[in-house]
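What follows is each chain in one-letter form.
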Amino acid sequence: MKILINLHYIISGVFFVFLIKCISIFIEIKIGSMSRKGRESILISSLEPYLRELNQKKNHKQITLVIDQDGSHMNQALVSMYARRVSYIDMKKPFICRALYFACLILGEKSVNTINFSSRFGDDDRHLWEKCSPSIAFNKDEILSGKSLISDLSIDDYFCFGIRDDSYYQSILQRSKNSKIYNLEASKDTYFRNPSWEKYINVANSLASKDLRGLRMGKDVTSISDNLMGNNILDYSKIRDDFGDMYLLTHCKFLISGASGIFWFANLFNIPTLVADHYNVFCRGGGVSRNDLFIPSLIYSRNEKRLLFLSEMIDIGPNYTSSFFDKHNLELIKNDESEIYDGAKELESFTNKTRIRDDKAIYLNNKLDLIYKSKVTGMTYGGRIPDSFMIKYEKLIK
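Note that the coordinates shown come from a computational prediction; the quantities given were computed from them, not determined experimentally. (Residues numbered from 1 in each chain as written. Predicted model: local features only at pLDDT ≥ 70, side-chain atom pairs only at ≥ 80, totals over all residues. Heavy atoms only, no water.)

## A word on the overall build of the protein
Note the cut-off: Segments assigned H or I by DSSP are reported as helices when at least four residues long, segments assigned E as strands when at least two residues long, and all are numbered from the N terminus. The size measure is the radius of gyration over C-alpha atoms, and the globule rule it meets is 2.2 Å times the number of residues to the 0.38 power. Note on exposure labels: buried denotes an accessible area under 20% of the residue type's maximum, exposed denotes more than 50%, and partly exposed covers the range between, all computed with a 1.4 Å probe on protein chains only. Any two residues having at least one pair of non-hydrogen atoms within 4.5 Å are treated as being in contact. Surface accessibility follows the Shrake-Rupley procedure with a 1.4 Å probe radius. Residue values consider only the protein chains on display as shielding. Neither His nor the chain ends is counted toward charge; the positive residues are Lys and Arg and the negative residues Asp and Glu. For the purpose of locating charges, the reference atoms are NZ of Lys, CZ of Arg, CG of Asp and CD of Glu.
A tally of helices and strands in the protein yields 15 helices and 12 strands. In terms of C-alpha radius of gyration, the protein reaches 22 Å, essentially the compact-globule figure of 21 Å for 398 residues. Projecting the C-alpha coordinates of the protein onto the three principal axes gives extents of approximately 60 × 50 × 45 Å. Burial status across the protein gives 55% buried among its 398 residues. Pairs at least 24 residues apart make up 73% of the contacts formed inside the protein by residues separated by at least 6 positions. By element, 53% of the accessible surface of the protein is carried by carbon and sulfur atoms, the whole surface being about 19,000 Å². Between the averaged position of the 54 positive side-chain charges in the protein and that of its 47 negative side-chain charges there is a distance of 5 Å.

## Quick notes on a nonpolar patch on the surface
Cut-off, in case you're wondering: What makes a patch is a set of residues exposed beyond 30% relative accessible area and free of salt bridges, joined within 9 Å when like-charged and within 5 Å when nonpolar (Val, Leu, Ile, Met, Phe, Trp, Tyr). A side-chain nitrogen of Lys or Arg and a carboxyl oxygen of Asp or Glu constitute a salt bridge if their distance falls within 4 Å.
A cluster of nonpolar side chains, contributed by Leu-7, Ile-10, Ile-11, Val-14 and Ile-106, occupies part of the molecular surface with about 420 Å² of accessible area. The element that contributes the greatest number of residues to the nonpolar patch is helix H1 (residues 2-23), accounting for four residues. Checked against the element boundaries, Val-14 lands in helix H1. Look at Val-14 and you get partly exposed, because its relative accessible area is 46%.

## Looking at the environment of Asn-113
This is how the line gets drawn: Two N or O atoms form a polar contact when they lie within 3.5 Å of each other; inside protein one atom must be a possible hydrogen donor and the other a possible acceptor, and for residues adjacent in sequence the pair counts only when both atoms belong to side chains.
One can find Asn-113 in the loop between helix H4 (94-107) and helix H5 (126-131). We classify Asn-113 as buried; its relative accessible area is 4%. Those residues within four positions of Asn-113 in sequence are excluded, and the remaining contacts are Ile-20, Lys-21, Ser-24, Ile-29, Lys-30, Ile-31 and Leu-107. There is a polar contact of 2.9 Å between the side chain of Asn-113 and the side chain of Lys-21.

## Re the sheet that holds strand E8 (residues 273-278)
Sheet strands associate in pairs through backbone hydrogen bonding, adopting either a parallel or an antiparallel arrangement. Stated precisely, the cut-off is as follows: Note on pairing: two strands pair once DSSP finds at least 2 bridges between them. Lines fitted to the C-alpha atoms define the axes, with helices restricted to the stretch that makes contact. Angles between their N-to-C directions range from 0 to 180 degrees.
Overall, parallel pairing links the six strands, which are arranged E6-E5-E4-E7-E8-E9 in an open sheet. At either end of the open sheet lies a strand with only one pairing partner, and these are strand E6 (233-235) and strand E9 (293-296). Geometrically, the sheet is characterised by an average inter-axis angle of 15 degrees between neighbouring strands, direction not taken into account. Judged from the four bridges that link them, strand E4 (residues 158-163) and strand E5 (residues 213-216) form a sheet pairing that is parallel. Within the sheet, the bridge partner assigned to Phe-159 lies in E5 and is Gly-214. In the packing of helix H8 (residues 197-207) onto the sheet, contacts are made with E4, E5, E6, strand E7 (255-258) and E8, and the angle to E4 comes to roughly 170 degrees. Set on the sheet, helix H9 (residues 242-249) makes contact with E4, E5 and E7; between it and E4 the angle comes to about 120 degrees.

## Let's talk about the environment of Ser-289
If you trace the backbone, Ser-289 turns up in the loop between E8 and E9. Expressed as a C-alpha distance, the spacing of Ser-289 and Glu-130, which sit 159 residues apart in the sequence, is 5.6 Å. At 3.1 Å, the side chain of Ser-289 and the backbone nitrogen of Asn-291 are in polar contact.

## Section: unusual backbone geometry
Positive phi, close to 55 degrees, is recorded for Asp-277, a residue that is not glycine. For Asp-277, the location among the structural elements is in strand E8. Accessibility expressed as a relative area gives 0% for Asp-277, which makes it buried. Phi is positive for Lys-305, which is not a glycine, with a value near 55 degrees.

As structure tokens, then:
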């Protein structure tokens, strides 16, 4: 039965290949399937730079088909905005989605009609993030709804914060029980990366004032008592919806992320970000602009009784799982409140145009650039480590 179903899709895929080839005689048509499904970070990091690059070609007409076989739990406001820019086909139309996926396979990666959608935030694409405008925009009705939301929340200037949360990933695992696509990020083997809400709420309380409110963001996140929130902090996660998340995250003054991919929403509209408790130094974090910041979690070797150098942390690659750390007798050292607060104040000073860089920290960041250049192809630039953290741990920059 399964073979017959797949054969049905293959035959339909052949038909769509024929149709694509016919259409391409008159207008350029491109089709691509998302390499990993159901995650906003993958959608933004792969599709956004492609569309920004496309926007550089003046008077260029092209039909773009984007296939996503498992995006049902993505932010639907984000999907709707991209669907105005491209033909976005997901499992709301299961037959067409699967048939077009087989059409992609039949065409092959080298076809002039296919797009290889992969995350693009390396050196070659940095200019697209730093110098180009977003490829999507809110329409008039959405702008009115967004302004009404901000008015209802009684906020003007505000920052957002959110973290990598156990509850969120547990909800993904629950939703994925009937799905063939397994999200490794949701594995309990990764939960040791997750920071605590308490310290981020404390940092937010220290930053917030009546003139700069703080919004706690997140979907399916751990419930927090209102007693922990100061007068200038609003727990938006309790009343959230997809549109509100999208609008608020792309209009805030800055964003603080605790090891969470929530920063991609802010990067989409060039909002400055700080990613603290960043657990994968191999993939340079903190957003995609040189003005974004990231604070790495450090790693302590119990065998050698010392902190690893940054170069050694890079060598670990993406192996930030509790099983790997237990096997090699390593301990992940998360950032403390003062480190996050200092990084957030530096980011805030950038948004206020009052930041004064430390010469020693500039030297250390340049030194770190050389380390990345020697170890990770195409990832020399990206988010920068805050000056205060660089000076505090300058002995690890080797």
